[in-house]
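Examining the three-dimensional arrangement
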Amino acid sequence: MSSPFSSSSTTSSSIDPMAASSGSCVYYGPWEYDVFLCFRGETRGSFTSHVMAALSDKKIRTFIDTMLGKGESIAELLSVLKRSAVSVIIFSERFADSPWCLDEVATISRSMKEFGHRVIPVFYNVDPSEVDGDTGSYAAMIEKHSGGRYGDPKVKLKWRDALKEIVDKAGLTSHEIRLDSQLIKAIVDNVLKELINMSPSLEPKNLVGIDSRVWEVERLLDVNRSDDIRIVGLWGMPGIGKTTLARALYRRLTNLSKEDGYKHYFVPNINAKWKGQRDGLEGLQKELYSNLLSEQDQNITSRDLETSYRRARLFRLKVFIVLDDVEVLSQLESLLLGDVLNLTKLFALGSRIIVTTRNRKVLEVAMARIYHVEQLSPQESLRLFSMYSFRQETPPTSRRYQSVTAVGYCQGNPLALRVLGCTLFRKSESYWQSFLDGLRKNPKREIHDVLRRSYDELGGDEKRMFLDIACFFRRNYSKSHLIKMMACSYYSAYSRVEDLIDKALLICEHQSNSNDDELIVEVHDLLHEMAWNIISEESDLGNRSRLENAEDVRKLLTARKGARATEGINLDLSKAEEMHLGSDAFLGMDRLRFLKFSWPDSSSSSSKNNARTCKIHLSKSGLDSLPHELRMLWWDGFPSSSLPSNFSPNSLVELCIRHSPLAQCWDGVQDFVNLRWFDLSYCANLIIVPDLSKATHLESLKLTGCKTIVELPSFVEYLDKLTLLDLGACENLEILPPKLDSKHLKHVILYDCRKINQCPEFTSNWDTLDLRGTPITTLPVAIHKLKEARKLSLHGESITSLPDGFSASIKEFRLCHTAIQKILPSDHRDFLLPRISRLELVGSSNLATLSKSLWKMVTKELLIMDSQMLKTIPEISVVDSSLKVLVVEDCRAFRRLPSSIGNLKSLEVLALIGAAIRMLPSSVQELDQLRTLDLTNCKMLESIPGAISRLDRLSQLYLLGCESLRSLPELPLNVKLLVASNCKSLQTVSSNNFSKLHFLNLNLVGCLQLDRKLLRRMLAKLPLQDVSQRTQYGGGVGEIPPSTVLYPGSELPEWFPNKSMGHFVTVPLPRNCKRLKLFAFAVVYSLEPPVSGDEEKTDMHMHISSECFTKPGCGGGHGCGSDELVGGGGLTSWNICMNVMGSFNGGVATDHVFLWLHHRAGEDREEEEEGKLAWYLKHSGRDVSFRFSLQLKRGEMKPCQIKRCGVSLVFHTNFGNL
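Residues numbered from 1 in each chain as written. Predicted model: local features only at pLDDT ≥ 70, side-chain atom pairs only at ≥ 80, totals over all residues. Heavy atoms only, no water.

- Named according to an unreviewed UniProt entry, the chain is ADP-ribosyl cyclase/cyclic ADP-ribose hydrolase originating from Linum tenue.
- In the Catalytic activity (unreviewed entry) part of its UniProt record, the chain is described as follows: "NAD(+) + H2O = ADP-D-ribose + nicotinamide + H(+)". (UniProt positions renumbered as here; feature names shortened; annotations may be inferred.)

What follows is the structure in structure tokens.
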């Protein structure tokens, strides 16, 4: 089973509240309460009651502590705060007398940090200086508290810190507003202002993923600060949604800016107006400043704006303006009257300016805060595309595959998604297929024109460089690699590559799922396609500068007449047919710089690759010549034993020939002044390594799998720029240079070099040394001297210990399949301990004990995997450990956690996967930062301590495969995910709070002994829980996935009135659906045990869909709608794809229920684009039909028969009865 905490992924994946929008409508938003009112009982019958009445008069929903039951936990309070938009704290004279009030303040402070909760402090008959927790009357009251947790110094410190943080916020005081009536009015006004600020605009429609982006930009704007002037830049590629985001921000903040005395204006399409109008500059200045100065009837000129009177007026103005589509700095300077670097001379403090641009350099020079507008996620993309192509949020099942294809083409670009969606709206299936088949050859003109604007504004060399990168280096090239490659063809390569990044024509970011600091440059698919379309405009085939199409390449190379215009050929061999070339195929191609014949995955040694690499065939004599201008020669499966004898590789920067019968590259020494990357991997006939002694800039030497090489020549010792030496699987290699002089060397790979007895010495701060499968027993002296490393990997059974005195500072240290018995000697002094952020111990077969010093040595993450002799980890004596992740996986002898585990106060993830533990120590209750507890496949686990209920932050609990577990204690209220599949003995769960838990995902597959009465009680509350859990995050419909529950049996909850046998059910819609809150669906299916040979495939993938449809004159029976899903009676559809971790492993087929809930689109989406009512409103009073389909995958995807199904429509008025 694939664990969520394997070596490649160890951090919690809990939902981040701050990733969701905090937007909420005052009356109908996702919040359950608008205000949480915190106060001391002394004001309950006087001032607080009047505040409550005033809020109620304004229809502001307010929560007060009388709504909490006695003895409710902080977790319950935190849950209420997450369901409340704003807290109002009324500090009074005796407020700090109450520990409960102080706990509320501490919890509110925590909510401010964790999910942006907003707070309005009110100081009633008490000065703010008295409320500070360090001095004044509150400090004295805090000191008086004693007994139990209230006497704990840590608790008191938490109270003080919370008070200080809240007192620092601007509040309302009765000393400044002396009349209670005026103070109460100020409180209500401030609450309304906050709620309006948090409320999204009800228009425009079809904006997907906008809320979280607006929230992020608002943080950069920080409009509550009035002591500075800020420019915030929205930067990104064409069509990515910069202007859309700017308009959303403008609409959202305009109401606020009016209240605070701002003058606001939006200037659209600046670049087009600048170039296309006769009075470009004058016209733009007049448009902006006549509106800011309210002089629309005046013919303001640039000279008028220099008058002292007008400049003085501007200086007094607080402005909020948007300058859309600024291309160059001169445009911004002119619009800001030359004061772009000193805006305090132009506008009043507090002013905010948003600039949208494709040119990052403009923003950097203007010292703007830059927000990179990134592409939509796959889920957001599919939703946006569906809105335009189907006028609903998900595609119908019959079009899902085609929709995913279209979305994949767009790569998250909103412009492309909208254009394609509109093009395919109400088109037949045949049209869809034909359109998508030809899309890459005939892209939509609206998309192409927008993208090309950035290209057309480049200079000549910049255009050529962009085409080179887009055509030959579009994926997985490091920025440094790319610059060095371009430097051999263009001057100022570094600055030109930077400029292309700044203009959003290249994407530059850290590689995903990698700790490598190297930046990776990529080209967006649409820009890659645009590049090839530009090239296709270059006359006939023989005059094109670059070729990619397999048929075009074949025609050119078999025509036997050189194409002198051709500069590059990039052929994906997986898409090419067999090709026979003559010896003169490249004759006359004097300008050819890039030649790349590559398999997408030929870096491996698989026999599959070896068998298929020969698609291009040569005559026995081989090639007569290759172009001397080649910078890159990449030919997988090169079908000759040698390169042409007259080939002069002086210009080569990269040579890559893999899986080739090559035996010899060339005779003698070549002058490789430019060569940096050399790869002859899996050339099985290569006996002698070519002489590279003059390749003084060589950085990478890869000879992986060259099984006939016996000696690595001595010149390698003196390659002083070398960073990578890969000799893995060179089985007959016996002789290496005694040392490697390069100070840049980072990676030495010698795995499966079975005849190497000694590792070369080297001096650099290297990262990786792989000695797996070698007889080497002595590590290089360099490891003794190592002081600092970003990443260090040691592999190999011959490594039995770390050297004495090893004390490096390492970000990531990985020991893989070593024979180490102890990480450190017992007498190792603390001040000499290495400092390691992340330590991985994988496959340490002899590791039986760990030193107590481990807890001082590892600072962030400790992962121990597949160490079969390890029975426990040492006691934890340190009290200030910063460890956040502790994973013990597949250590079958691991039986006990130390009782001092509670000392890991910062621990967020604890995973004991496949361990032999029977119980957890009660001290786990002290891990108050713990968010994820994973006990997957702990088959001997019998109990979990009841103290786990005190872990207020715990949100994910994995218990799958805990076959001996009979009961679950009371769980923390914050748990959102509980996976308990295949807990075969599980019978009971504490009923104290189980019905209050708000699960996003509850998996009880295979829990056949579970108390069914308890399950019924939990399911009875599910709809109300689902509404509540979404309000905790303040997000819209798309922010949180549908809630899902899987449980054994065939019984649907009582609140499912519409049930039917089979996969089809008809539902009568009420006449008024305006208060509809959510749709609930359920299917009953038979879960088969795994077939023979699939027992290890314990994970199961599930794809389930539901379609709703009707047609005129049809009552919704079985004969309705089967062919009416698109363009006819199809109304909407829902799809869920999920990984059901730990699928049922019982011996016989058993019925299970899959139940899931979808929120309706919300009151603010009752009308679709074009003014149409939502489908459930349009069809109110009619019968509609739902059809379900289910596929399960355990190895391969197969349809699964649905025995029974049900639909429930849950309305706001139902909640009181749930």
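**Some points on a nonpolar patch on the surface**
- Taken together, the side chains of L341, V365 and M367 make up a nonpolar region of the molecular surface, amounting to roughly 300 Å² of accessible area.
- Take L341: its relative accessible area is 53%, and that puts it in the exposed class. (Patch = residues over 30% accessible without salt bridge, like charges linked within 9 Å, V, L, I, M, F, W, Y side chains within 5 Å. Areas by Shrake-Rupley, 256 points an atom, 1.4 Å probe, with all protein chains shown as cover. Salt bridge = Lys/Arg side-chain N within 4 Å of Asp/Glu carboxyl O. Buried < 20%, exposed > 50% of the residue type's maximum accessible area, 1.4 Å probe, protein only.)

**A look at the environment of Y958**
- Along the chain, the position of Y958 falls in strand β35 (residues 956-958).
- For the pair Y958 and D934, spaced 24 residues apart in the sequence, the C-alpha separation amounts to 4.6 Å.
- Here the side chain of Y958 touches Q956 through a polar contact of 3.4 Å, side chain to side chain. (Helix = DSSP H or I, 4+ residues; strand = E, 2+ residues; numbered from the N terminus. Polar contact = N/O pair within 3.5 Å; in protein donor to acceptor, adjacent residues only side chain to side chain.)

**Re the pairing of strand β3 (residues 84-91)**
- Counting buried positions along β3 yields eight of eight residues, so the element is predominantly enclosed.
- Where strand β1 (residues 33-39) and β3 come together, six bridges link them in parallel fashion. Paired with Y33 across the two strands is S84, which belongs to β3.
- Pairing geometry for β3 and strand β4 (residues 118-123), over six bridges, is parallel. Residue S87 lies in a different strand from β4, and its bridge partner there is V119. (Pairing = 2+ DSSP bridges.)

**Some details on the packing of helix α15 (residues 378-389) against helix α17 (residues 414-424)**
- It is at 7 Å that the axes of α15 and α17 come closest, and there the two elements cross at 35°. Handedness of the α15/α17 crossing: right-handed. Across from S381, L384, F385, Y388 and S389 in α15, the residues of α17 making contact are P414, L417, R418, L420, G421, C422 and L424. (Axes fitted to C-alpha atoms, helices over the stretch in contact; angles between N-to-C directions. Left-handed = near helix turned anticlockwise from the far one by under 90°. Contact = heavy atoms within 4.5 Å.)

**Quick look at the sheet that holds β3**
- In space, the five strands of this open sheet follow the order β2-β1-β3-β4-β5, with parallel pairing throughout. A single partner strand is all that each edge strand has here, and the edge strands are β2 (62-63) and β5 (172-173).
- Here helix α1 (residues 47-57) sits on the sheet and contacts β1, β2 and β3; the angle it forms with β1, its principal contact strand, is near 175°.

**Some thoughts on the pattern of salt bridges**
- The tally for this structure, following the rule as stated, stands at 62 salt bridges.
- The partner of R1016 in a salt bridge is E1051, and the shortest N-O contact between them spans 2.8 Å. Here R1016 is found in helix α28 (residues 1012-1020), whereas its partner E1051 is found in the loop between β40 (1043-1048) and β41 (1058-1061), with 35 residues between them in sequence.
- On the accessibility criterion, R1016 (40% relative accessible area) is partly exposed.
- On the basis of relative accessibility, which here comes to 40%, the residue E1051 falls in the partly exposed class.
- Members of the salt-bridge network, linked through shared partners, are D461, E462, R464, D468, R496, R546, E567, R591 and R593.

**A word on the side chain of S1185**
- By the secondary structure assignment, S1185 is in strand β47 (residues 1183-1194).
- Accessibility expressed as a relative area gives 1% for S1185, which makes it buried.

**Focus: unusual backbone geometry**
- Here the phi dihedral of D222 falls at roughly 45°; this positive angle occurs in a residue that is not glycine.
- The residue D222 is located in the loop between α8 (210-221) and β6 (230-235) in this model.
- Note on D222: relative accessible area 25%, which makes it partly exposed.
- In the Ramachandran plot, S294 falls in the positive-phi region, its phi being about 55° despite a non-glycine side chain.
- Of note, S294 is situated in the loop between α11 (280-292) and α12 (308-315).

**Brief notes about the sheet that holds strand β11 (residues 477-478)**
- One open sheet holds the three strands; their spatial order is β11-β13-β12, and the pairing between them is antiparallel. In this open sheet, the two edge strands, each paired with only one partner strand, are β11 and β12 (507-510).

**Some points on the confidence of the model for the chain**
- On average, residues of the chain carry a pLDDT of 81, and 84% of them reach 70 or more.
- Averaged pLDDT values for the elements of the chain fall to 45 in helix α25 (residues 607-612) and rise to 97 in strand β22 (residues 700-702).
- When the criterion is pLDDT under 50, residues 1031-1039 qualifies, and its contacts beyond four places in sequence or with other chains add up to 36 contacts.
- Across residues 1111-1129, where pLDDT falls below 50, the model places 37 contacts with residues more than four positions away in sequence or in other chains. (pLDDT = per-residue confidence, 0-100.)

**Describing the nonpolar core**
- Counting 163 residues, the largest nonpolar core has F586, F597, L912, L935 and L959 as the members making the most contacts within it.
- Once you skip the residues sitting within four places of it in the chain, F586 turns out to touch L557, L592, L595, F597, L623, S625, L626, P627 and W635.
- The next biggest cluster of nonpolar side chains, apart from the first, holds 117 residues, and it includes L335, F390, I534 and F594. (Core = buried A, V, L, I, M, F, W, Y, C linked by side-chain atoms within 4.5 Å.)

**Description of the packing of aromatic side chains**
- Evaluated as defined, the whole model comprises 26 aromatic pairs.
- Residues F586 and W635 carry aromatic rings whose centres are separated by 6.2 Å and whose planes lie at 70° to one another, so their mutual orientation is edge-to-face. Of this pair, F586 sits in the loop between β16 (579-581) and β17 (594-598) while W635 sits in strand β19 (residues 632-635); the two residues are 49 residues apart in sequence, bridging distant segments of the chain.
- W635 sits in the buried class, given a relative accessible area of 2%.
- Within the aromatic cluster, the residues linked to one another by ring pairs are F1079, F1081, F1154, W1156, F1186 and F1188.
- Between the NZ or CZ atom of K596 and the centre of the ring of W634, over which it lies, the distance is 4.4 Å.
- Directly above the ring of Y751 sits R772, whose terminal nitrogen or CZ lies 5.3 Å from the centroid. (Phe/Tyr/Trp six-rings, centres within 6.5 Å; stacked < 30°, edge-to-face > 60°. Lys NZ or Arg CZ within 6 Å of the ring centre and 35° of its normal.)

**A look at helix α22 (residues 493-502)**
- Counting buried positions along α22 gives seven out of ten residues, so the element sits mostly inside the fold.
- Restricting attention to buried positions, one finds in α22 the residues A493, R496, V497, E498, L500, I501 and D502.
- Where α22 is buried, its residues contact β6, α14 (360-365), α20 (460-472), α21 (479-487) and β12.
- Positioned one or two residues after α22, A504 has a phi angle of 65°, which is positive.

**Here we look at the environment of L172**
- Structurally, L172 can be placed in strand β5.
- The residues contacting L172, other than those within four sequence positions of it, are P121, V122, F123, I177, L183, A186, I187 and N190.

**Quick word on the packing of helix α16 (residues 400-410) against helix α23 (residues 525-536)**
- Between α16 and α23, the least distance of the axes is 7 Å, while the angle of their chain directions is 75°. In terms of orientation, α16 and α23 fall into the roughly perpendicular class. In this structure, α16 uses G408, Y409 and C410 to contact α23, whose residues at the interface are D525, L526 and E529. (Parallel < 35°, antiparallel > 145°, perpendicular 65-115°, else oblique.)

**Structural notes on the pairing of β4**
- In terms of burial, β4 is a largely internal element, six of the six residues being buried.
- What you see with β4 is no split at all: R118, I120 and V122 on one side and V119, P121 and F123 on the other are buried throughout.
- Pairing analysis gives two bridges linking β4 to β5, with the strands arranged parallel. The partner of F123 across the bridge, within β5, is T173.

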